[in-house]
Amino acid sequence: MAVIKEKLQFQIGKIGVARASESGRVTGQAISQAANQLSAMFYKKEAAAAEKAGAKAGASADPQEIITINPETGEPEAYTPPIGMGTIGADAYQRIVMGRFQQSMEDEIKNKGKELAAKYDGNSNGASLYETAMSNYLASMTNVAQDEFKGFIADVGKVYLNSTKTNMSIRQIGRERAAAKKAHIASIEKSNNDLRGTVAKFGSEALKGGGPAVGVVDGVSESIELGTASQLLSPAEGQAYTSQQRMAIALGLVEHLANNSDDSYELTILNASIGEQNVEGIENPYLAEIYNSFGNDYKALAAFEKDANGILQDSIVRAKANEGKQAEELAKQQRVDILSLELGADSATNEMTILGNTESTSTVGSVFIDKHSQIQNQIISAAESGNKE
């Protein structure tokens, strides 16, 4: 039997060949990317360091040089970066200097504004004076500055000037209105005082048509209406000064009655009627009418009663004192009259004695009877007048 040998068969496939040009390109790209990454990393570090150095230098700049404008450049003295500083550092430096300049300028403008406001705020035209002075100050600052520095100063200054001028104008208007109100009130109060004095002098006649108090009354009423219409006076204040006007008239009438009456009884009745709010007991029609006008204003009524009582009490005391003096004078006169009668009787007796030496008895008797009748009648007359001595 034949032995068959096994045959081994195999086939070689395609073999790839690595090209040198492609391998170099891949390697070059990797190296380039790595180099770029390292370069970017180093640049960022250097840039951060440069920015930090520039910012630090800007923050350390002399404050005086920050706010001092160089007339040649129109920029702050400190705005130029230090020599040798790169672009990144210089930008950071100038950014910090600019920020400090803006803050410094704003502070200086505000401080100058406060100084000028304190100087002019109390004047009658303080807002106008302040605006002129502040505008001149801002102009002197912007005259030497240029570009963004000039614009910043002008913008900040304008905003601050307008706001402060407005506030000063508001305060000035408030002061002017307060002064006007004070003067208006003073005028009303003076007129009311004059009104009281006029009525006290002339009494009810002053209030009649064409009387000296009529014009004053009309003037006060008009001033009160004008004050409330212009809002110098509130409605409540207008009512208060109207009540004051009525009070002036009422007290003026009381003063006139008190000063022109010597009857203590009459004055006592008037005082009691006012105290008891008994209008019927007030005989003067003008006083009764003005008293009624107080209505239910109990505060005004209480004030009137208090002041009227003070006036009338003094007059009552005076009237009683005068009445006492008059009674005393009358009593003295009556005593003098009686004494004169007594002396007259003695004189008549002496006359009879002398007459008896020359005349007849019947003649003497007739004369004596006549003298006796005269003296007796005088004594009766004196007794009837109140002298019982």
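Each remark here, short or long, concerns the structure printed above.
In short, a report on the structure. Given the structure is predicted, the values throughout are model-derived calculations rather than measurements.

### Quick look at the packing of aromatic side chains
Phase 1: Under the criterion given, the structure shown has three aromatic pairs.
Phase 2: The interplanar angle of 85° and the centroid separation of 6.5 Å between the aromatic rings of tyrosine 291 and phenylalanine 294 together place this pair among those described as edge-to-face. Neither residue differs from the other here; tyrosine 291 and phenylalanine 294 are each classed as buried.
Phase 3: By relative accessible area, which is 5% here, tyrosine 291 ends up buried.
Phase 4: Through successive ring pairs, a cluster of aromatic residues spans Tyr291, Phe294 and Phe304.

### Some words on unusual backbone geometry
Phase 1: In this model, glutamine 231 sits at a positive phi of 65°, which is unusual for a non-glycine residue.
Phase 2: Looking at the secondary structure, you find glutamine 231 in the loop between α6 (214-229) and α7 (235-259).
Phase 3: On the basis of relative accessibility, which here comes to 64%, the residue glutamine 231 falls in the exposed class.
Phase 4: For glutamine 277, which is not glycine, the phi torsion reads 55° and is therefore positive.
Phase 5: Summarising the element assignment, glutamine 277 is placed in the loop between α8 (264-275) and α9 (285-292).

### Thoughts on the side chain of asparagine 284
Phase 1: With respect to the helices and strands, asparagine 284 occurs in the loop between α8 and α9.
Phase 2: A distance of 3.0 Å separates polar atoms of two side chains, one belonging to asparagine 284 and the other to serine 204.
Phase 3: Of the polar contacts made by the side chain of asparagine 284, one reaches the backbone nitrogen of tyrosine 286; its length is 3.0 Å.
Phase 4: Every residue in contact with asparagine 284, bar those within four places of it in the chain, is listed here: Ser204, Leu253 and Leu257.

### Observations concerning the nonpolar core
Phase 1: Core analysis: the biggest nonpolar cluster contains 31 residues, and Val254, Ile274, Leu287 and Phe304 have the highest contact counts within it.
Phase 2: Secondary structure elements with two or more residues in this core: α5 (147-202), α7, α8, α9 and α10 (298-356).
Phase 3: Counting 23 residues, the second-largest nonpolar core is a separate cluster that includes Met98, Phe101, Tyr120 and Tyr160.

### As for the environment of alanine 127
Phase 1: If you trace the backbone, alanine 127 turns up in helix α4 (residues 126-142).
Phase 2: Under the relative-accessibility criterion, alanine 127 is labelled buried at 9%.
Phase 3: With 37 residues separating them in the primary sequence, alanine 127 and threonine 164 have C-alpha atoms 8.8 Å apart.
Phase 4: Ignoring any residue separated from it by four or fewer positions in sequence, one finds alanine 127 in contact with Lys165, Met168, Ser169 and Gln172.

### Section: the environment of alanine 303
Phase 1: Positionally, alanine 303 belongs in helix α10.
Phase 2: The spacing of alanine 303 and methionine 247 is 56 residues in sequence and 8.8 Å in space, taken between C-alpha atoms.

### Structural notes on the pattern of salt bridges
Phase 1: If you walk through the whole model with that rule in mind, you get 10 salt bridges.
Phase 2: Two residues, lysine 112 and glutamate 115, come together in a salt bridge whose shortest N-O distance is 3.4 Å. Of this pair, lysine 112 and glutamate 115 both sit in helix α3 (residues 87-120), three residues apart, roughly one helical turn.
Phase 3: The class for lysine 112 is partly exposed, based on a relative accessible area of 23%.
Phase 4: Here aspartate 194 and lysine 190 are joined by a salt bridge, their closest N and O atoms 3.0 Å apart. Of the two residues, aspartate 194 and lysine 190 are both situated in helix α5; the distance of four residues between them amounts to about one turn of the helix.
Phase 5: By relative accessible area, which is 53% here, lysine 190 ends up exposed.

Reading guide: rules and limits
- Residues numbered from 1 in each chain as written.
- Predicted model: local features only at pLDDT ≥ 70, side-chain atom pairs only at ≥ 80, totals over all residues.
- Heavy atoms only, no water.
- Phe/Tyr/Trp six-rings, centres within 6.5 Å; stacked < 30°, edge-to-face > 60°.
- Buried < 20%, exposed > 50% of the residue type's maximum accessible area, 1.4 Å probe, protein only.
- Helix = DSSP H or I, 4+ residues; strand = E, 2+ residues; numbered from the N terminus.
- Polar contact = N/O pair within 3.5 Å; in protein donor to acceptor, adjacent residues only side chain to side chain.
- Contact = heavy atoms within 4.5 Å.
- Core = buried A, V, L, I, M, F, W, Y, C linked by side-chain atoms within 4.5 Å.
- Salt bridge = Lys/Arg side-chain N within 4 Å of Asp/Glu carboxyl O.

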